[in-house]
Amino acid sequence: MIDLQVVALCVTAALAIGVFLRQRRRSLPPGPKGIPVLGNVFDIPKEFEWIAYDRWSREYRSDVIYLNLAGTPVVVVNSAQAAHELFEKRSLLYSDRVRLPMLNELVGCNWHFLFMDYGDDWRERRRVFHQFFHSNASVGYRPRELKVARELLSRLLESPDDFMTHLRHMAGSLILGVTYGIDVQPSNDPYIATAETALHAISMAGNAGAYLVDYIPILKYVPSWFPGAAFKRQAAEWKKATDAMLERPFKAVTQAMAEGKAHPSMIASLLTELKEDEDKDRKEKVFSGVAAAAYTGGSDTTVSALGSFFLAMLLYPDIQRKAQIEVDRVVGRDRLPDFSDEPSLPYVTALVKEVLRWRPVTPLAVPHRLTSDDVYNGYHLPSGSIVVGNVWAILHDERTFPDPEAFVPERWLNEDGSLRSDMRDAELAAFGFGRRICPGRYMAVASVWIGIASVLSTFDLLKPRDANGHIIEPSGDYYSGLVTYPKPFRCAFKPRSESTVELIHNGLQESD
Ligand code: HEM
């Protein structure tokens, strides 16, 4: 009899839990159903996830969708309105990051404020960074941006086939100059090489979900020699690379300062302003971490944007012509563009905005983490959710960007050719959200702008021909990832006039 009562009680409890879970599930945002325990692990494609998220958002008629990654709740935000409501208006709840034991602890990237929890350590570093990269401070870097853009022209002239390498050199040279005052070598620069190796390590270790230790953190205590602990040996290798990026250029500045030979730079200013009573060792760690974060945040991203620009110019030659007509009218053919031309080149500025929209550099920005339960549109969003802003969906929303797959700079312009003032929020999505929005965006936009204006004024970008005279079409394909790039394609850079070589040569000397 008692046994029966116990059984009945258990059945009732199980039913109640089932109902509770169903109700809870019902109040979560919609999304694909998934399987027991693993949830949606197999639903999410390994590449170009943003396209699947966008499709689900349409299928389920909700701008916020819910996924379950083996027990970890994931909320994907697919519209500008929802992004504004959650990341901006409720930014206090949506500014944390997801901790990845592989990256943060084993590779030791705790110094990088991109990956830091939302708290005092992050705030301190973001403040230091902001001091040097806010909109007015960034204006101070224009001479250097101009210089590296002109060096890019000269390199394109010399070895056009290596254009992606040249973009990488340009981005690295700019950031190492601004942060450490380092003038890099024309090729095979050791500082760029060190930083690129570290960048590769970070992007591998930061590939969320690639390492079991990210799901089962206790695995970090497994000794390196243990069978199956290859991830720990790999992490130790990557740590060497990231430590080198942190330490080498920083040491070069302190040494140059001691010898009285340091060039002006972010690190030199910070160290000079350091007060006697401050904890020097701790502060130096903060400063070196912030400088290294600038490299990792700013190099791949700039390269991706300019790579997409080259591709767009091959696919949309009429737009290239239209932009060149504007550049020729304003700048002429006797000099190269500089930043003073910017207000008179709205079409070029619109083209830059369209590059960042058409092929977003970071299609899912960097995931945030929700720190307490929340409700949106009647849906329950659980505390601890990974919250992904679908930049791609927002920038391809046909309500704001009709025919979103087409490359149309005109969408950023009024009928009279001036820039639209009502599109500011839309373009910001390319740089992420809320309190975590990219703090390097002013420098990023300026360096991409001067790079694009300079190339348009000097070269026609053309599809090359093969030995039989047939045009080689670019595939237009992209690599998927946190930062996306066009897959290798060929592009011919034809100097626009006989005086181009001389113009580039003179431009280089002027900017020195
Ligand atoms: C076209 C170029 C760039 C794009 C598209 C871009 C995009 C982004 C995005 C999407 C985020 C994450 C925002 C979020 O969490 O919601 C971010 C963060 C960050 N970016 Fe950029 N970025 C670019 C260039 C730069 C440059 C040039 C720098 C450095 C000078 C930089 C430094 C950073 C840093 C330090 C963070 C971490 C911010 C934090 O977590 O608080 N970025 N960027």
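Residues numbered from 1 in each chain as written. Predicted model: local features only at pLDDT ≥ 70, side-chain atom pairs only at ≥ 80, totals over all residues. Heavy atoms only, no water.

**Focus: the overall build of the protein**
What counts, and what does not: Numbering of helices and strands runs from the N terminus; a helix is a DSSP stretch of H or I covering at least four residues, while a strand is a stretch of E covering at least two. Computation of the radius of gyration draws on C-alpha atoms alone. For the globule rule, the value is 2.2 Å times the number of residues to the power 0.38. Note on classification: 1.4 Å probe, protein chains only; a residue is buried when its accessible area is under 20% of the maximum for its type, exposed when over 50%, partly exposed between these limits. It only takes one pair of heavy atoms within 4.5 Å for two residues to be counted as in contact. The accessible surface values rely on the Shrake-Rupley method and a 1.4 Å probe; as for residues, cover is taken only from the protein chains in view.
In terms of regular secondary structure, the protein is built from 19 helices and ten strands. The C-alpha atoms of the protein give 25 Å as radius of gyration, which agrees with the globular expectation for 512 residues (24 Å, within 12%). In terms of overall dimensions, the protein has C-alpha extents of about 100 × 55 × 45 Å along its principal axes. In the protein, which comprises 512 residues, the share counted as buried stands at 52%. Put simply, 72% of the contacts in the protein that link residues at least 6 apart link residues at least 24 apart. Carbon and sulfur atoms form 56% of the exposed surface of the protein, whose accessible area is close to 24700 Å².

**Side note on unusual backbone geometry**
Unusually for a residue other than glycine, V37 sits at a positive phi of about 65°. Among the structural elements, V37 can be located in the loop between α1 (2-27) and α2 (49-59). The exposure class assigned to V37 is exposed, which follows from its relative accessible area of 72%.

**Thoughts on helix α3 (residues 80-89)**
The condition is simple: This arc is built from the directions going out from the helix axis to the C-beta atoms.
Restricting attention to buried positions, one finds in α3 the residues A82, A83, L86 and F87. Looking straight down α3, one finds that the buried residues subtend no more than 100° of arc, so they occupy a single side. Opposite the packed face of α3, turned more than 90 degrees from it, sit the exposed residues Q81 and K89.

**Structural notes on the site of the ligand**
Using the following cut-off: We call a residue near a molecule or strand when any one of its heavy atoms sits within 4 Å of it. For the purposes of these results, a polar contact is taken to be a pair of N or O atoms within 3.5 Å, where, inside protein, one atom must be able to donate a hydrogen and its partner to accept one; residues adjacent in sequence count only when each atom of the pair is a side-chain atom.
Neighbouring residues of the ligand: 25 residues in total, closest R97, W122, R126, H368 and C438. The contact in question runs from an oxygen atom of the ligand to an N or O atom on the side chain of R97, over 2.8 Å. A distance of 2.8 Å separates an oxygen atom of the ligand from a polar atom in the side chain of R126. Broken down by secondary-structure element, the contributors of at least two residues to the shell around the ligand are α5 (120-133) and α13 (280-315).

**Quick word on helix α19 (residues 500-510)**
Residues three or four positions apart in an α-helix share a direction because the helix packs 3.6 residues into each turn. Restricting attention to buried positions, one finds in α19 the residues T500, L503, I504 and G507. For α19, the arc enclosing every buried residue in end-on projection is 95°, short of the 170-degree limit, so these residues lie on one face. Set apart from the buried face of α19 by more than 90 degrees, the exposed residues are E502 and Q509. Of the surrounding elements, those touching the buried residues of α19 are α7 (142-158), α18 (441-458), β7 (459-462) and β10 (492-495).

On their own, these measurements won't tell you what the molecule is for.
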